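Residue-level listing of the chains:
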Amino acid sequence: MLIFCTIYYTLSYMQTIPQIVKLIRTKSSNDYSLGMLLLQFISVTSWSIYIFTSKQKNLVYIGTVIDLLLIIVVDLFILKYYKFDKKKVKA
């Protein structure tokens, strides 16, 4: 089962790192959905809580921490570069 965990983390990192590179290069994130951002953060946080409240192999703990950190970095860049449309936002 450890092989499936390794495959999951490898593919997860492969999808997250290009997002970080794109965000840094373009300094634009309006093509990202803020709803998706919230769901992704909730799911990774829930997964992390589950992993750290159960007995796992060290690889799973390390992979989960790296996965969570990468998602947090992506989320922070998205929020940093997101341009809110002032015409749509009413006070």
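Residues numbered from 1 in each chain as written. Predicted model: local features only at pLDDT ≥ 70, side-chain atom pairs only at ≥ 80, totals over all residues. Heavy atoms only, no water.

**Topic: the packing of helix α1 (residues 2–26) against helix α3 (residues 58–81)**
For the record, the criterion: Axis lines are fitted through C-alpha atoms, for helices just across the contact stretch, and the angle between N-to-C directions can take any value from 0 to 180 degrees. Think of it this way: any DSSP run of H or I at least four residues long counts as a helix, any run of E at least two long counts as a strand, and we number them from the N terminus. Roughly parallel refers to an angle under 35 degrees, roughly antiparallel to one over 145, roughly perpendicular to one between 65 and 115, and oblique to any angle outside these ranges. Note on convention: the crossing is left-handed when the near helix lies turned anticlockwise from the far helix by less than a right angle, right-handed when the turn is clockwise. Gly is put with the polar residues, along with every residue not named as nonpolar or charged; the nonpolar set is Ala, Val, Leu, Ile, Met, Phe, Trp, Tyr, Cys and Pro, and the charged set is Asp, Glu, Lys and Arg.
Interhelical geometry of α1 versus α3 gives an angle of 20° and a closest axis separation of 10 Å. For the element pair α1 / α3, the angle class is roughly parallel. Between α1 and α3 the crossing geometry is left-handed. Split into classes, the residues belonging to the contact of α1 with α3 amount to 20 nonpolar, six polar and one charged.

**A look at the pattern of salt bridges**
Applicable threshold: In the sections that follow, a salt bridge refers to a side-chain nitrogen of Lys or Arg positioned within 4 Å of a carboxyl oxygen of Asp or Glu. Only protein chains enter the accessibility calculation, which uses a 1.4 Å probe. A residue is then buried if its area is under 20% of the maximum for its type, exposed if over 50%, and partly exposed in between.
This structure, assessed with the given rule, holds one salt bridge. Among the ionic pairs, Asp31 bridges to Lys22, the shortest N-O distance being 3.2 Å. In this structure Lys22 comes out as partly exposed when scored by relative accessible area, which is 28%.

**What to know about the environment of Gln15**
Along the chain, Gln15 falls in helix α1. Taking C-alpha positions, Gln15 is 23 Å from Phe52, a pair spaced 37 residues apart along the chain.

**Regarding the environment of Phe84**
Mapped onto the elements of the fold, Phe84 is located in the segment after α3. On the basis of relative accessibility, which here comes to 53%, the residue Phe84 falls in the exposed class. Phe84 sits 21 residues away from Gly63 along the chain, and the two C-alpha atoms are 34 Å apart.

**What to know about the side chain of Asp67**
How we decide: Positive charges come from Lys and Arg alone, negative charges from Asp and Glu alone, with His and the N- and C-terminal ends not counted. Whether two residues are in contact is decided by their heavy atoms: any pair within 4.5 Å suffices.
Topologically, Asp67 is positioned in helix α3. Buried Asp67, no salt bridge; nearest opposite-charge side chain is Lys22, N-O distance 19 Å. If near-sequence neighbours (up to four positions away) are discounted, Asp67 is found in contact with Tyr8, Tyr9, Ser12 and Tyr13.

**As for the packing of aromatic side chains**
The cut-off we apply is this: Ring geometry is summarised as follows: Phe, Tyr and Trp rings, the Trp one being its six-membered ring, pair when their centres sit within 6.5 Å, and such pairs are stacked at plane angles under 30 degrees, edge-to-face over 60 and tilted between the two.
Counting across every chain of the model gives five aromatic pairs. Where Tyr8 meets Tyr9, the ring centres are 5.0 Å apart and the plane angle is 65°; that geometry is what we call edge-to-face. On the basis of relative accessibility, which here comes to 40%, the residue Tyr8 falls in the partly exposed class. Judged by its relative accessible area of 4%, Tyr9 is buried. Arranged with centres 5.7 Å apart and planes meeting at 40°, the rings of Trp47 and Tyr50 form a pair that is tilted. With Trp47 and Tyr50 both in helix α2 (residues 34–52), this residue pair falls three residues apart, about one helical turn. Following the ring pairs from residue to residue traces out a cluster consisting of Tyr8, Tyr9 and Tyr13.

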